[in-house]
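Residues per chain are reported as follows:
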Number of protein chains: 2
Amino acid sequence: MDTLGYLRRTHYSNEIVPAVDATDVVIFGIVASIREHGKLTFLILEDTKGLVQVTIHKNNVPESVVAKLKEIQEQSFVGIRGKVKSTEKAPHGAEIVPDEIKVLSIPHCLAPFKLYKQRLPNIEKRLDLRAIDLRRPQPKAIFKIKHVALQSIRSFFSGQGYLEVETPKIISTATEGGAALFPLLYYNKEAFLAQSPQLYKEQLVGALEKVFEIGPIFRAERSRTMKHLSEATSVDLEEAYVNYEDVMKTLERVITFTIAEVLDKCKDELSLLKVKLKVPQMPFKSYTYDEILKLLSDEAIEVTWGNDLFVSELKALEKKLPDFYFIKDWPTSSKAFYLKAKDDKPEICESFDLMHGSLEISSGGSRIDQKQALVEKLKERSFDPAAFEYHLKVFDYGMPPHAGFGFGLDRLMMVLCKQKNIREVVLYPRDQRRLIP
Amino acid sequence: MDTLGYLRRTHYSNEIVPAVDATDVVIFGIVASIREHGKLTFLILEDTKGLVQVTIHKNNVPESVVAKLKEIQEQSFVGIRGKVKSTEKAPHGAEIVPDEIKVLSIPHCLAPFKLYKQRLPNIEKRLDLRAIDLRRPQPKAIFKIKHVALQSIRSFFSGQGYLEVETPKIISTATEGGAALFPLLYYNKEAFLAQSPQLYKEQLVGALEKVFEIGPIFRAERSRTMKHLSEATSVDLEEAYVNYEDVMKTLERVITFTIAEVLDKCKDELSLLKVKLKVPQMPFKSYTYDEILKLLSDEAIEVTWGNDLFVSELKALEKKLPDFYFIKDWPTSSKAFYLKAKDDKPEICESFDLMHGSLEISSGGSRIDQKQALVEKLKERSFDPAAFEYHLKVFDYGMPPHAGFGFGLDRLMMVLCKQKNIREVVLYPRDQRRLIP
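All values reported here derive from a predicted model rather than from experimental measurement.

The rules behind each value
- The residue numbering used here restarts from 1 in each chain and proceeds along that chain's sequence as written.
- Here the convention is simple: chains get letters from A, ligands get numbers from 1, in the order in which they are written.
- Where totals are concerned, whole chains, interfaces and linings use all residues; where local detail is concerned, this predicted model gives features only for residues with pLDDT of at least 70, and gives and counts side-chain atom pairs only at 80 or more.
- Note that water and hydrogens are dropped before the side-chain values are worked out from all heavy atoms of the structure.
- Contact criterion: two residues are considered in contact whenever any of their non-hydrogen atoms come within 4.5 Å of each other.
- The term buried area denotes the loss of accessible surface (1.4 Å probe radius) that occurs when two parts are joined, taken as the sum for both partners.
- Here, a salt bridge means any Lys or Arg side-chain nitrogen found within 4 Å of an Asp or Glu carboxyl oxygen.
- Numbering of helices and strands runs from the N terminus, with a helix taken as a DSSP run of H or I at least four residues long and a strand as a DSSP run of E at least two residues long.
- Buried means the residue's accessible area, taken with a 1.4 Å probe over protein chains only, is under 20% of the maximum for its type, while exposed means over 50%, and partly exposed covers the values in between.
- Any two strands with at least two DSSP-identified bridges between them are counted as paired.
- Only the stretch in contact is used when fitting a helix axis, every axis being a line fitted to C-alpha atoms; angles between N-to-C directions are given from 0 to 180 degrees.
- Here the bounds of each domain stem from an automatic or database domain assignment.
- Any N or O atom pair separated by 3.5 Å or less is treated as a polar contact, with the protein-specific requirement of one donor-capable and one acceptor-capable atom, and with residues adjacent in sequence counted only for side-chain atom pairs.

S.K.: Whenever I open this one, the interface of chain A and chain B confuses me. Can you help?
M.R.: Often, the extent of an interface is quoted as the loss of accessible area upon association of its parts. Listed per partner, the contact involves 106 residues of chain A and 106 residues of chain B. In total, chain A and chain B occlude about 8,900 Å² of area from one another, counting both sides; carbon and sulfur atoms represent 60% of this. Area buried by chain A at its contact with chain B is led by Y187, Y241 and Y397 of chain A, which between them contribute 10% of it. Applying the counting criterion to the chain A and chain B interface returns eight salt bridges.

Here it is, written out as structure tokens:
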């Protein structure tokens, strides 16, 4: 086996084209296939941009290169220095005739599943070998799209004057209810992993006015589903001097912008995944909780007013409402303690969910900004206000009216990549069964 | 107190200038001061862009506005609709004459420390009221700079073809040694919080070639210092087909780029913090471990070859080496198990630290890419290879040569904002003593 030495990439596979005919190039990649035809050997290399053909005619290359052919195996990592030669028969219309081949690794095992086409093992088996599974073109396409989505979201918020913040993941109080917390030992105290940045982002708007965060959240979900994970990426926004209607507009704008960017920058990836994406029309459709109950009733599903809505119920509306839509004005009792009740109708709160079909993408609303109201809600919900002392104290010093939302990046990725299983859009997904080292 | 209603911001404080004289505007902010001169009341409001003066002449404004003056207190959050009026005596050369004032909150307490000038309480006291402390101009400047630094770093890496990834924070093995781990209860198993994305980012380069991540890392530090935190933000990069010299160049380029961006976009913030920043010259100075031992010896500090270097020792070189510099080619025994030994001199490994004076900013190096060598190093260090089975298995399928680094974003922020205490550059810092809800 060879060392890297001084060999450094000059080109990617998709840059080996007739326009650079006769140029000296260096490429790196993994050997996807080796085919021999008499004195000719054809290597197909794969890098992150695609495939490139390397053609060795035993009489036309240095001895050392011929010798290397004996070492190379499928799925070896190699580096190749050579000359580009136009030829219709190769990907991109050109191939490489090598002067030097470095065999950088020789696999001891070959991937137990074909990296291309054919039936794949189920995701659980593939996750046991995730780093190898990720070598397939489909996951590479998914994570390229995720990269573009992340840059787009931040670019949009940043351009709109939101400051990126980082709030702690180790906390000492539950924010979304105590059931789904991961406890940890923090030196000699008990602490928890944050289920959301909710309390911190609210505190921050008093000083910083407009903030966003993209980071991990941790929920010890009881049930194991195709759309829940123990560790997920949340995109959170909070803003002063606005209400839920304002942040709903911001939410639909960032989603629309992101989809437009993905359409623009990830054509090849969307094509490979066979995904037809279209920029949603703004404003997104919006229904009140009451209107949804009526629609459900039309489908012979009766929901007691005040109850949360279940996925099994919302599935019945999927044909009527297949795209993005808001459900707003929920019963106050069905939503988190920090949501602000409507002035004229306190049994309803200024809240919304953003759905895509029956998939919940986001939750948000106007927040309570008065300490007394917050204390009352905490007591109503059997929380001990003393556990929230640090947070409540901030309200003593005054808080502006504010609103915000959180959305699941991985949920949005399920929509962008048309994936039914959230695990496909997370590099190393975590759930009750899976704790990869 | 008033509700938000339909009032929405049209301008920030720094946009209230003579050029918009006679324009109707809406601004929001916190009341920094109230001064009465007979029939005139001057309010100074502060928003995230600075200060603006609001002038109420009791005879020139609606009765409702005069009535509001009785409600307004210092540190109230207010919204004001009014007309701009040029005047030399106000900040930016213009003030607002209000038609409508909404008092959005009335504080029950006033901040126990002056938000402007004067001697501040120490950081520990300020962290007890961090959301109020953050209303001061200096922290706001620091976190604006942090925002710009984050966008710059990602923009640089993204533009260079690195894919942004998100690796798990809940893991089941230690990567940097077992001592500084936070254990957690993951459903019914024991797990830990990730000390770094090291093993995952290495696995990913086989498929994705060039990756970066900016996210939280967790270390149960034994000692409490001015530059260590239990939860910190790490910027990590890993790349295939390169060695440590290549990634050292990438590191100095991203830092230089980021400093240039901060200089360009944060002039006001740097000025307020009284920080004189300059773009460092590339290439950064670079010394081998051996050369550093010689320099220390010149200062009468003798270090046994093979030992790690202590901050107390490196402080002696601060006058000679005050800026960014690399220390490379460390003793293999002093560095993590995954660092690759030099082919010709295995007692030394292809490794580097990036220092700024005596502050360690980054560590990195060429990685071991052969399973056998990795297993041997694990055993040498009394790690049980079985605990690393998931990671080692990836090497069975072949890994390309690769290298990378991690740097502390908060450490870089200490340099950018000339802060001696890392707590000043983290919104809600965590250490052994501090676990804010």
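S.K.: Would you mind showing me how to read the pattern of salt bridges here?
M.R.: For side chains of opposite charge, pairing can occur when their charged atoms come near one another. Residue and element names in this part refer to chain A. Within this structure, the stated rule accounts for 68 salt bridges over all chains. Close ionic contact of K83 with D24 constitutes a salt bridge, the shortest N to O distance being 3.5 Å. In this pair, K83 sits in strand β4 (residues 77–86) while D24 sits in strand β1 (residues 24–37), placing the two residues 59 residues apart along the sequence. Of the residues examined, D24 reaches a relative accessible area of 47% and is grouped as partly exposed. Each of E124, D128, R224, R423, D431 and R434 takes part in one network of salt bridges that share partners.

S.K.: Mind showing me how you'd approach unusual backbone geometry here?
M.R.: What you tend to see is this: most non-glycine residues have negative phi, and most peptide bonds are trans. All names here are of chain A. Here M282 and P283 are connected by a cis peptide whose omega angle stands at 0°. Relative to the helices and strands, P283 is located in the loop between α7 (267–272) and β12 (285–288). A positive phi angle, near 65°, is found at H92, a position not held by glycine. Along the chain, H92 turns up in the loop between β4 and β5 (94–105). By relative accessible area, which is 38% here, H92 ends up partly exposed.

S.K.: Can you help me understand the sheet that holds strand β16 (residues 402–408) of chain B in this one?
M.R.: In a beta sheet, neighbouring strands are held together by backbone hydrogen bonds and run either parallel or antiparallel to one another. All names here are of chain B. The strand order across the open sheet formed by eight strands is β6-β10-β11-β16-β15-β14-β13-β12, and the pairing between neighbours is mixed. Across the chains shown, the open sheet's two edge strands, defined by having one partner strand only, are β6 (163–164) and β12 (285–288). Sheet analysis places strand β13 (residues 324–331) next to strand β14 (residues 348–356), joined by seven bridges and oriented antiparallel. Within the sheet, the bridge partner assigned to F326 lies in β14 and is L354. Along the sheet face, helix α8 (residues 289–298) touches β12 and β13 and points at about 90° away from the line of β12. Contacting β11 (231–240), β13, β14, β15 (359–366) and β16, helix α12 (residues 409–416) crosses the sheet at an angle of about 135° to β15.

S.K.: Even after reading the chapter, I still don't get the domain arrangement of chain A, so can you show me in this structure?
M.R.: Along its sequence, chain A is carved into domain 1 (13–105) and domain 2 (131–425). Each of domain 1 of chain A and domain 2 of chain A has a C-alpha centre, and the two are 48 Å apart.

S.K.: Is there a simple way to think about the pairing of β5 of chain A in this case?
M.R.: Remark: a regular strand shows side chains that alternate across the two faces of the sheet. Residues and elements named next belong to chain A. The buried count for β5 comes to nine of twelve residues, which makes it a mostly enclosed element. Across two bridges, strand β3 (residues 50–57) lies against β5 in parallel orientation. Among the inter-strand pairings, Q53 is bridged to a residue of β5, identified as E95. Pairing of β4 with β5 involves ten bridges; the strand directions are antiparallel.

S.K.: Whenever I open this one, the side chain of R367 of chain B confuses me. Can you help?
M.R.: Residues and elements named next belong to chain B. Note that R367 resides in the loop between β15 and α10 (371–380). Residue classification places R367 among the buried residues on the basis of a relative accessible area of 2%. Among the polar contacts made by the side chain of R367, one reaches the side chain of E238 at a distance of 2.8 Å. Those residues in contact with R367 that sit more than four places away from it in its chain are Q198, K201, E202, E238, Y338, L339, K340, H402, A403, G404 and F405.

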